[in-house]
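Each chain, letter by letter, is given below.
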Amino acid sequence: MINVNCILKFPNSYTNNGTPTKLVMICHGAGSDINEWKNSVGYNNIVNAFLSNNYAIFDCNGYSNESYGYNFWGAPKGIQCYRKAYQYIINNYNVEKDVYVYGFSMGGLTAMNLVNNGFDNVKCILLSSPVLDLKLAYDSSPHDSIVSGYGFSTWSYDLYSGNNPYYNIKIIDNVKYYIKQLPPIKIWYGSTETNRTN
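Residues numbered from 1 in each chain as written. Predicted model: local features only at pLDDT ≥ 70, side-chain atom pairs only at ≥ 80, totals over all residues. Heavy atoms only, no water.

### Focus on the overall build of the chain
For step 1, the next point in the chain: For the chain, the helix and strand inventory stands at seven helices and eight strands.
For step 2, the next point in the chain: Taken across its 198 residues, the chain has 47% of its residues classed as buried.
For step 3, the next point in the chain: Look at the contacts in the chain between residues 6 or more apart in sequence, and 71% of them connect residues 24 or more apart.
For step 4, the next point in the chain: Carbon and sulfur atoms form 48% of the exposed surface of the chain, whose accessible area is close to 10200 Å². (Helix = DSSP H or I, 4+ residues; strand = E, 2+ residues; numbered from the N terminus. Buried < 20%, exposed > 50% of the residue type's maximum accessible area, 1.4 Å probe, protein only. Contact = heavy atoms within 4.5 Å. Areas by Shrake-Rupley, 256 points an atom, 1.4 Å probe, with all protein chains shown as cover.)

And the structure:
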């Protein structure tokens, strides 16, 4: 059984009855676990922006409370944790079943792999400076952690391709096409870029 730390926050407008509250699944980035992220000014700015606009939010540690996240970004066990948390929330609280998924930095892998692996209850994906190529994540993170998180004994790009959002991009006549149908995506590449949409 997966038992990890998660956070769930509701806006002041939340009620147990009546119109369900919109729900945002936050997929946090590198550097710390959820207990440390929830004390981060930047993270709290994101959370408070959603709450002040009447969205409920939740975030999870992935599948391990002992890790800083390197071994679950986009990995099947981490995806399973987010899905179980989502299921618990919709079964016990007055929230909409279709969610908004917000991923930043390494959380981009988790956000995209949720959708790529059959999580169909997503209205849209919001990404802030996301990592979307598992190979680049592997090259910039502790290798053993990513290898164990994905359940392999060694790194092999071919083995990981099903868990790599970038693998779903095909180039045809010098044009990049994403080969899986996705909900709408908004990507912010930096703090000064506010209007770029893909």
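Don't stop here, the text continues.
### Quick look at helix α4 (residues 107-116)
For step 1, the next point in the chain: Most of α4 is tucked away, with ten of its ten residues classed as buried.
For step 2, the next point in the chain: For α4, the set of buried residues is Gly-107, Gly-108, Leu-109, Thr-110, Ala-111, Met-112, Asn-113, Leu-114, Val-115 and Asn-116.
For step 3, the next point in the chain: Once α4 ends, the next one or two residues include Gly-118, with phi positive near 90 degrees.

### Examining the sheet that holds strand β2 (residues 21-27)
For step 1, the next point in the chain: One open sheet accounts for six strands, arranged β1-β3-β2-β4-β5-β8; its pairing is mixed. The sheet terminates laterally at β1 (6-9) and β8 (185-188), the two strands that pair on one side only. Put simply, the sheet's adjacent strands are angled 20 degrees from each other on average, direction ignored.
For step 2, the next point in the chain: Contacting β1, β2, β3 (55-60) and β4 (95-104), helix α3 (residues 76-92) crosses the sheet at an angle of about 145 degrees to β3. (Pairing = 2+ DSSP bridges. Axes fitted to C-alpha atoms, helices over the stretch in contact; angles between N-to-C directions.)

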